[in-house]
Amino acid sequence: SMAEGAGAGPRLAELLAAGWRLWEEVETGAEPSSGAPAVQDKVRQGLDALQRAAAMVAQLDLFSENEELEEIASADLKYLLLPALLGALTLKQVDLSRRLEHLEGARAHFWRFLKLCRSYGLGSFHLPPAGPPGEEDAGSPSPGGPAAAQPSLVAMASSRQAKIERYKQKKELENRLASMRTFVESGQADEDQIREFYILQIQKWINTSLEEIESIDQEVVILRSRGTAKQSSAPLHGTSRQVRAPLKPFILTRDAAQAKVFGAGYPGLPTMTVDDWYEQRRRQGVVSGQSAPQGAPAGITDEELQKQQQEKKEEEDDEEALQKARNWDDWKDTHPRGYGNRQNVG
(Lines give C-alpha, C1' and ligand atoms only; values in the text may rest on other atoms or scores of the structure.)
Protein backbone atom coordinates (compact mmCIF):
# COMPACT_ATOMS: atom_id res chain seq x y z
CA SER A 1 0.00 0.00 0.00
CA MET A 2 1.05 3.62 -0.46
CA ALA A 3 1.22 4.31 3.28
CA GLU A 4 3.64 1.48 3.73
CA GLY A 5 5.75 2.77 0.85
CA ALA A 6 5.90 6.23 2.38
CA GLY A 7 7.11 4.86 5.70
CA ALA A 8 9.61 2.58 4.04
CA GLY A 9 11.71 5.49 2.72
CA PRO A 10 13.55 6.58 5.87
CA ARG A 11 13.42 3.04 7.33
CA LEU A 12 14.99 1.61 4.18
CA ALA A 13 17.69 4.29 4.16
CA GLU A 14 18.50 3.51 7.81
CA LEU A 15 18.80 -0.21 7.16
CA LEU A 16 21.13 0.28 4.20
CA ALA A 17 23.23 2.82 6.14
CA ALA A 18 23.51 0.45 9.12
CA GLY A 19 24.47 -2.56 7.02
CA TRP A 20 26.99 -0.56 5.00
CA ARG A 21 28.55 0.92 8.16
CA LEU A 22 28.87 -2.53 9.76
CA TRP A 23 30.52 -3.91 6.62
CA GLU A 24 33.04 -1.03 6.69
CA GLU A 25 33.78 -1.62 10.38
CA VAL A 26 34.45 -5.29 9.74
CA GLU A 27 36.49 -4.55 6.60
CA THR A 28 38.75 -1.92 8.18
CA GLY A 29 38.46 -3.20 11.75
CA ALA A 30 41.35 -3.27 14.19
CA GLU A 31 40.40 -6.76 15.45
CA PRO A 32 43.26 -9.12 14.53
CA SER A 33 40.90 -11.97 13.69
CA SER A 34 37.68 -11.85 11.70
CA GLY A 35 36.64 -14.88 13.79
CA ALA A 36 36.49 -12.77 16.97
CA PRO A 37 32.96 -12.93 18.47
CA ALA A 38 32.61 -9.13 18.36
CA VAL A 39 33.40 -9.12 14.64
CA GLN A 40 31.04 -12.00 13.88
CA ASP A 41 28.28 -10.17 15.78
CA LYS A 42 28.73 -7.22 13.43
CA VAL A 43 28.65 -9.57 10.44
CA ARG A 44 25.34 -11.03 11.63
CA GLN A 45 23.80 -7.62 12.38
CA GLY A 46 24.97 -6.25 9.03
CA LEU A 47 23.56 -9.21 7.10
CA ASP A 48 20.28 -8.87 8.98
CA ALA A 49 19.93 -5.15 8.16
CA LEU A 50 20.87 -5.61 4.50
CA GLN A 51 18.54 -8.59 4.06
CA ARG A 52 15.63 -6.60 5.46
CA ALA A 53 16.50 -3.68 3.18
CA ALA A 54 16.69 -6.02 0.17
CA ALA A 55 13.24 -7.43 1.02
CA MET A 56 11.84 -3.88 1.09
CA VAL A 57 13.45 -3.00 -2.24
CA ALA A 58 11.83 -6.09 -3.77
CA GLN A 59 8.48 -5.20 -2.22
CA LEU A 60 8.65 -1.59 -3.46
CA ASP A 61 9.69 -2.85 -6.90
CA LEU A 62 12.39 -0.19 -7.10
CA PHE A 63 14.33 -1.70 -10.00
CA SER A 64 13.31 -3.52 -13.12
CA GLU A 65 15.28 -5.25 -15.88
CA ASN A 66 13.78 -3.12 -18.67
CA GLU A 67 14.18 0.31 -17.13
CA GLU A 68 16.71 2.99 -18.11
CA LEU A 69 19.32 4.31 -15.68
CA GLU A 70 17.85 7.83 -16.04
CA GLU A 71 14.56 6.55 -14.69
CA ILE A 72 16.10 5.72 -11.30
CA ALA A 73 15.78 8.58 -8.83
CA SER A 74 19.19 9.74 -7.58
CA ALA A 75 18.18 9.01 -3.99
CA ASP A 76 17.37 5.39 -4.95
CA LEU A 77 20.62 4.65 -6.81
CA LYS A 78 22.36 3.54 -3.62
CA TYR A 79 19.95 0.62 -3.18
CA LEU A 80 21.45 -0.98 -6.28
CA LEU A 81 24.46 -1.73 -4.03
CA LEU A 82 22.51 -4.00 -1.67
CA PRO A 83 23.36 -7.35 -3.33
CA ALA A 84 27.07 -6.41 -3.58
CA LEU A 85 27.24 -5.51 0.13
CA LEU A 86 25.35 -8.70 1.00
CA GLY A 87 27.90 -10.71 -0.97
CA ALA A 88 30.83 -9.00 0.78
CA LEU A 89 29.40 -9.61 4.26
CA THR A 90 28.44 -13.20 3.45
CA LEU A 91 32.13 -13.89 2.78
CA LYS A 92 33.05 -12.56 6.24
CA GLN A 93 31.36 -15.49 7.98
CA VAL A 94 33.88 -17.90 9.46
CA ASP A 95 32.05 -21.17 10.11
CA LEU A 96 34.30 -23.52 8.13
CA SER A 97 31.80 -26.37 8.08
CA ARG A 98 29.54 -24.11 5.96
CA ARG A 99 32.29 -22.52 3.87
CA LEU A 100 31.06 -23.88 0.53
CA GLU A 101 27.51 -22.70 1.26
CA HIS A 102 28.80 -19.20 2.13
CA LEU A 103 30.96 -19.03 -1.00
CA GLU A 104 28.06 -20.01 -3.22
CA GLY A 105 25.67 -17.64 -1.43
CA ALA A 106 28.09 -14.71 -1.75
CA ARG A 107 28.68 -15.54 -5.41
CA ALA A 108 24.94 -15.49 -6.11
CA HIS A 109 24.65 -12.02 -4.51
CA PHE A 110 27.59 -10.62 -6.51
CA TRP A 111 26.21 -12.16 -9.70
CA ARG A 112 22.75 -10.64 -9.12
CA PHE A 113 24.38 -7.25 -8.58
CA LEU A 114 26.38 -7.54 -11.82
CA LYS A 115 23.30 -8.66 -13.77
CA LEU A 116 21.33 -5.66 -12.48
CA CYS A 117 24.20 -3.30 -13.42
CA ARG A 118 24.28 -4.84 -16.90
CA SER A 119 20.58 -4.30 -17.42
CA TYR A 120 21.04 -0.59 -16.59
CA GLY A 121 24.09 -0.31 -18.85
CA LEU A 122 26.41 0.38 -15.91
CA GLY A 123 30.02 -0.64 -16.61
CA SER A 124 31.34 -2.63 -19.56
CA PHE A 125 32.29 -6.14 -18.50
CA HIS A 126 31.57 -9.77 -19.33
CA LEU A 127 28.93 -11.23 -17.05
CA PRO A 128 30.52 -14.35 -15.48
CA PRO A 129 28.61 -17.69 -15.61
CA ALA A 130 25.71 -17.86 -13.17
CA GLY A 131 27.25 -20.64 -11.05
CA PRO A 132 30.73 -21.69 -9.96
CA PRO A 133 32.67 -24.11 -12.20
CA GLY A 134 31.90 -27.82 -11.98
CA GLU A 135 28.50 -27.37 -10.40
CA GLU A 136 26.93 -29.99 -12.67
CA ASP A 137 29.29 -32.73 -11.51
CA ALA A 138 29.69 -31.65 -7.89
CA GLY A 139 28.59 -35.09 -6.73
CA SER A 140 31.02 -37.17 -8.72
CA PRO A 141 34.78 -36.73 -8.84
CA SER A 142 34.71 -37.07 -12.61
CA PRO A 143 37.80 -36.47 -14.73
CA GLY A 144 36.21 -33.18 -15.74
CA GLY A 145 36.45 -32.01 -12.12
CA PRO A 146 39.10 -29.57 -10.91
CA ALA A 147 41.26 -30.09 -14.01
CA ALA A 148 38.48 -28.95 -16.29
CA ALA A 149 38.49 -25.59 -14.52
CA GLN A 150 42.17 -25.00 -15.24
CA PRO A 151 41.84 -23.46 -18.71
CA SER A 152 39.53 -20.73 -17.43
CA LEU A 153 41.93 -19.98 -14.57
CA VAL A 154 44.76 -19.74 -17.08
CA ALA A 155 42.68 -17.41 -19.20
CA MET A 156 42.00 -15.22 -16.19
CA ALA A 157 45.68 -15.10 -15.33
CA SER A 158 46.82 -14.36 -18.84
CA SER A 159 45.63 -10.78 -19.01
CA ARG A 160 47.91 -9.38 -16.37
CA GLN A 161 47.90 -6.03 -18.14
CA ALA A 162 44.14 -5.79 -17.79
CA LYS A 163 44.47 -6.48 -14.07
CA ILE A 164 47.05 -3.73 -13.65
CA GLU A 165 44.72 -1.38 -15.53
CA ARG A 166 41.81 -2.42 -13.34
CA TYR A 167 43.89 -1.83 -10.23
CA LYS A 168 44.86 1.69 -11.36
CA GLN A 169 41.22 2.52 -12.12
CA LYS A 170 40.19 1.18 -8.74
CA LYS A 171 42.71 3.39 -6.92
CA GLU A 172 41.57 6.41 -8.93
CA LEU A 173 37.94 5.63 -8.15
CA GLU A 174 38.65 5.26 -4.44
CA ASN A 175 40.44 8.62 -4.33
CA ARG A 176 37.54 10.37 -6.06
CA LEU A 177 35.02 8.69 -3.77
CA ALA A 178 36.99 9.65 -0.66
CA SER A 179 37.07 13.31 -1.67
CA MET A 180 33.31 13.39 -2.44
CA ARG A 181 32.16 11.37 0.51
CA THR A 182 32.10 13.91 3.37
CA PHE A 183 30.44 16.37 1.01
CA VAL A 184 27.64 13.92 0.18
CA GLU A 185 27.24 12.67 3.76
CA SER A 186 27.03 16.18 5.20
CA GLY A 187 24.05 16.88 2.95
CA GLN A 188 25.83 19.67 1.02
CA ALA A 189 25.88 17.86 -2.34
CA ASP A 190 23.33 18.69 -5.02
CA GLU A 191 21.42 16.03 -6.93
CA ASP A 192 23.97 15.71 -9.74
CA GLN A 193 26.80 15.21 -7.25
CA ILE A 194 24.80 12.63 -5.31
CA ARG A 195 24.10 10.83 -8.55
CA GLU A 196 27.76 10.85 -9.58
CA PHE A 197 28.86 9.67 -6.13
CA TYR A 198 26.62 6.59 -6.20
CA ILE A 199 27.41 5.74 -9.81
CA LEU A 200 31.11 5.77 -8.85
CA GLN A 201 30.32 3.54 -5.85
CA ILE A 202 28.52 1.15 -8.17
CA GLN A 203 31.52 1.07 -10.53
CA LYS A 204 33.85 0.36 -7.63
CA TRP A 205 31.61 -2.53 -6.53
CA ILE A 206 31.45 -3.90 -10.08
CA ASN A 207 35.25 -4.30 -9.94
CA THR A 208 35.08 -5.83 -6.47
CA SER A 209 32.34 -8.26 -7.52
CA LEU A 210 34.27 -9.46 -10.57
CA GLU A 211 37.38 -10.03 -8.44
CA GLU A 212 35.46 -11.81 -5.70
CA ILE A 213 33.67 -14.13 -8.14
CA GLU A 214 37.05 -15.03 -9.63
CA SER A 215 38.57 -15.92 -6.26
CA ILE A 216 35.38 -17.70 -5.09
CA ASP A 217 35.49 -19.90 -8.20
CA GLN A 218 39.10 -20.86 -7.48
CA GLU A 219 38.35 -21.68 -3.85
CA VAL A 220 35.24 -23.68 -4.76
CA VAL A 221 37.30 -25.84 -7.12
CA ILE A 222 39.79 -26.58 -4.32
CA LEU A 223 37.10 -27.27 -1.71
CA ARG A 224 35.14 -29.54 -4.03
CA SER A 225 38.18 -31.58 -5.01
CA ARG A 226 39.07 -31.94 -1.34
CA GLY A 227 35.45 -32.61 -0.40
CA THR A 228 35.21 -35.65 -2.67
CA ALA A 229 38.48 -37.01 -1.28
CA LYS A 230 37.45 -36.36 2.32
CA GLN A 231 33.81 -37.45 2.32
CA SER A 232 34.52 -40.58 4.34
CA SER A 233 36.16 -38.73 7.24
CA ALA A 234 33.84 -35.71 7.28
CA PRO A 235 31.77 -36.64 10.37
CA LEU A 236 34.88 -36.68 12.58
CA HIS A 237 35.48 -33.01 11.92
CA GLY A 238 32.01 -31.87 12.92
CA THR A 239 32.99 -30.43 16.30
CA SER A 240 36.56 -29.22 15.89
CA ARG A 241 35.78 -27.45 12.67
CA GLN A 242 34.31 -24.23 14.02
CA VAL A 243 37.48 -23.33 15.91
CA ARG A 244 39.75 -23.20 12.89
CA ALA A 245 40.88 -20.02 11.27
CA PRO A 246 38.76 -19.07 8.25
CA LEU A 247 40.09 -19.65 4.78
CA LYS A 248 40.25 -16.18 3.29
CA PRO A 249 40.04 -15.64 -0.46
CA PHE A 250 43.50 -15.91 -1.97
CA ILE A 251 45.12 -16.71 -5.28
CA LEU A 252 46.64 -20.15 -5.57
CA THR A 253 49.83 -20.24 -7.64
CA ARG A 254 52.24 -22.96 -8.74
CA ASP A 255 55.36 -21.31 -7.32
CA ALA A 256 56.84 -18.18 -5.85
CA ALA A 257 57.60 -16.53 -9.20
CA GLN A 258 53.99 -16.88 -10.28
CA ALA A 259 52.88 -15.62 -6.86
CA LYS A 260 54.73 -12.38 -7.54
CA VAL A 261 53.00 -11.94 -10.89
CA PHE A 262 49.53 -12.70 -9.54
CA GLY A 263 50.06 -10.59 -6.47
CA ALA A 264 50.64 -7.46 -8.55
CA GLY A 265 47.03 -7.18 -9.65
CA TYR A 266 45.45 -7.85 -6.27
CA PRO A 267 47.09 -5.95 -3.45
CA GLY A 268 44.18 -6.85 -1.21
CA LEU A 269 44.32 -10.55 -1.91
CA PRO A 270 47.18 -12.65 -0.61
CA THR A 271 48.87 -15.03 -2.99
CA MET A 272 49.92 -18.46 -1.89
CA THR A 273 51.90 -21.17 -3.58
CA VAL A 274 50.52 -24.69 -3.56
CA ASP A 275 53.16 -25.61 -0.99
CA ASP A 276 52.31 -22.73 1.31
CA TRP A 277 48.64 -23.59 1.06
CA TYR A 278 49.19 -27.20 2.08
CA GLU A 279 51.57 -26.15 4.80
CA GLN A 280 49.00 -23.73 6.23
CA ARG A 281 46.17 -26.25 6.05
CA ARG A 282 48.40 -28.95 7.55
CA ARG A 283 49.25 -26.71 10.50
CA GLN A 284 45.54 -26.19 11.02
CA GLY A 285 45.09 -29.93 10.96
CA VAL A 286 42.97 -29.97 7.84
CA VAL A 287 45.26 -31.87 5.50
CA SER A 288 47.12 -34.91 6.71
CA GLY A 289 50.80 -34.90 5.85
CA GLN A 290 50.22 -37.57 3.25
CA SER A 291 47.55 -35.95 1.16
CA ALA A 292 49.49 -33.22 -0.65
CA PRO A 293 50.24 -35.10 -3.88
CA GLN A 294 46.72 -36.52 -4.28
CA GLY A 295 44.98 -33.27 -3.32
CA ALA A 296 47.25 -30.97 -5.24
CA PRO A 297 45.74 -29.22 -8.25
CA ALA A 298 45.72 -31.33 -11.37
CA GLY A 299 48.95 -31.62 -13.26
CA ILE A 300 51.36 -31.34 -10.33
CA THR A 301 53.60 -34.39 -10.05
CA ASP A 302 55.62 -35.59 -7.07
CA GLU A 303 58.71 -34.48 -8.88
CA GLU A 304 57.37 -30.95 -9.27
CA LEU A 305 56.34 -30.84 -5.64
CA GLN A 306 59.88 -31.87 -4.69
CA LYS A 307 61.28 -29.22 -6.97
CA GLN A 308 59.06 -26.63 -5.33
CA GLN A 309 60.15 -27.74 -1.88
CA GLN A 310 63.75 -27.39 -3.03
CA GLU A 311 63.06 -23.89 -4.37
CA LYS A 312 61.31 -22.99 -1.16
CA LYS A 313 64.28 -24.20 0.86
CA GLU A 314 66.65 -22.06 -1.15
CA GLU A 315 64.34 -19.11 -0.87
CA GLU A 316 64.17 -19.26 2.88
CA ASP A 317 67.91 -18.74 2.93
CA ASP A 318 68.62 -22.21 4.12
CA GLU A 319 72.34 -21.44 4.30
CA GLU A 320 73.51 -24.89 3.39
CA ALA A 321 71.30 -25.21 0.32
CA LEU A 322 72.26 -21.72 -0.76
CA GLN A 323 75.94 -22.41 -0.28
CA LYS A 324 75.69 -25.61 -2.34
CA ALA A 325 73.88 -23.76 -5.10
CA ARG A 326 76.49 -21.00 -5.08
CA ASN A 327 79.42 -23.40 -5.07
CA TRP A 328 77.88 -25.23 -7.99
CA ASP A 329 77.45 -21.93 -9.86
CA ASP A 330 81.07 -20.96 -9.16
CA TRP A 331 82.23 -24.37 -10.28
CA LYS A 332 80.25 -24.06 -13.51
CA ASP A 333 81.82 -20.64 -14.15
CA THR A 334 85.35 -22.05 -14.00
CA HIS A 335 84.74 -25.44 -15.63
CA PRO A 336 83.39 -25.59 -19.21
CA ARG A 337 80.46 -27.91 -19.88
CA GLY A 338 81.57 -31.50 -20.41
CA TYR A 339 84.81 -30.83 -18.51
CA GLY A 340 84.55 -34.06 -16.52
CA ASN A 341 84.25 -36.25 -19.61
CA ARG A 342 87.46 -35.14 -21.24
CA GLN A 343 89.73 -36.58 -18.57
CA ASN A 344 89.45 -40.16 -19.80
CA VAL A 345 89.70 -39.46 -23.49
CA GLY A 346 92.63 -41.60 -24.80
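Quantities reported herein were computed from a predicted structural model and do not represent experimental measurements.

1. Thoughts on the overall build of the protein chain
Helix and strand content of the protein chain: 14 helices and two strands. A burial count over the protein chain gives 38% of its 346 residues as buried. Once local pairs closer than 6 in sequence are excluded, the contacts in the protein chain between residues at least 24 apart make up 69%. Surface exposure of the protein chain reaches about 19,600 Å², of which carbon and sulfur atoms provide 53%.

2. Some words on the pattern of salt bridges
A side chain of one charge can pair with a side chain of the opposite charge if their charged atoms are brought near each other. Tallied over the entire structure, the rule returns 18 salt bridges. For Glu14, the salt bridge identified is with Arg11, shortest N-O distance 3.7 Å. Of this pair, Glu14 and Arg11 both sit in helix H1 (residues 2–27), three residues apart, roughly one helical turn. Among the residues examined, Glu14 registers a relative accessible area of 49% and is labelled partly exposed. What makes Arg11 partly exposed here is its relative accessible area of 34%. In this structure, the salt-bridge partner of Arg52 is Asp48, at a minimum N-O distance of 2.9 Å. One end of the pair, Arg52, and the other, Asp48, are both in helix H2 (residues 37–60), four residues apart, so they sit about a helical turn from each other. Given a relative accessible area of 38%, Asp48 falls into the partly exposed group. Each of the salt bridges in this network shares a partner with another, and the network as a whole consists of Arg21, Glu25 and Lys42.

3. Brief notes about the packing of aromatic side chains
A complete count under the given rule lists three aromatic pairs for this structure. Between Phe63 and Tyr120, the aromatic rings sit 6.3 Å apart at their centres with planes inclined by 80 degrees, giving edge-to-face as the arrangement. In this pair, Phe63 sits in the loop between H2 and helix H3 (82–90) while Tyr120 sits in the loop between helix H4 (99–119) and helix H5 (146–158), placing the two residues 57 residues apart along the sequence. Like Tyr120, Phe63 is buried. Where Phe197 meets Tyr198, the ring centres are 5.1 Å apart and the plane angle is 75 degrees; that geometry is what we call edge-to-face. Taking relative accessible area as the criterion, Phe197 reaches 4% and is therefore assigned buried. Using a relative accessible area of 12% as the deciding quantity, one classes Tyr198 as buried. The ring centre of Phe125 lies 5.4 Å from the NZ or CZ of Arg118, which sits over that ring.

4. Considerations on the confidence of the model for the protein chain
Mean pLDDT over the protein chain: 79, with 70% of residues reaching 70 or higher. Per-residue pLDDT, averaged within each element of the protein chain, yields its smallest value for helix H11 (residues 292–295) (46) and its largest for H3 (98). Low confidence marks residues 137–149, where pLDDT is under 50. Its contacts with residues over four positions away, or in another chain, come to ten contacts.

5. Quick word on the packing of H2 against H3
Orientation of H2 relative to H3, taken along the N-to-C sense of each, is 155 degrees, at an axis distance of 10 Å. Taken as axis vectors, H2 and H3 run roughly antiparallel relative to one another. Considering how the two elements wind past one another, H2 and H3 form a crossing that is left-handed. Side by side, H2 and H3 meet where Val43, Gly46, Leu47, Leu50, Gln51, Ala53, Ala54 and Val57 of the first sit next to Leu82, Leu85, Leu86, Leu89 and Thr90 of the second. A breakdown of the residues in the contact of H2 with H3 according to their chemical character gives ten nonpolar, three polar and no charged.

6. Let's talk about unusual backbone geometry
One non-glycine residue, Asp61, lies in the positive phi region at around 55 degrees. Inspection of the secondary structure puts Asp61 in the loop between H2 and H3.

Thresholds, definitions, all that
- Residues numbered from 1 in each chain as written.
- Predicted model: local features only at pLDDT ≥ 70, side-chain atom pairs only at ≥ 80, totals over all residues.
- Heavy atoms only, no water.
- Helix = DSSP H or I, 4+ residues; strand = E, 2+ residues; numbered from the N terminus.
- Buried < 20%, exposed > 50% of the residue type's maximum accessible area, 1.4 Å probe, protein only.
- Contact = heavy atoms within 4.5 Å.
- Areas by Shrake-Rupley, 256 points an atom, 1.4 Å probe, with all protein chains shown as cover.
- Salt bridge = Lys/Arg side-chain N within 4 Å of Asp/Glu carboxyl O.
- Phe/Tyr/Trp six-rings, centres within 6.5 Å; stacked < 30°, edge-to-face > 60°.
- Lys NZ or Arg CZ within 6 Å of the ring centre and 35° of its normal.
- pLDDT = per-residue confidence, 0-100.
- Axes fitted to C-alpha atoms, helices over the stretch in contact; angles between N-to-C directions.
- Parallel < 35°, antiparallel > 145°, perpendicular 65-115°, else oblique.
- Left-handed = near helix turned anticlockwise from the far one by under 90°.
- Nonpolar A, V, L, I, M, F, W, Y, C, P; charged D, E, K, R; others polar.

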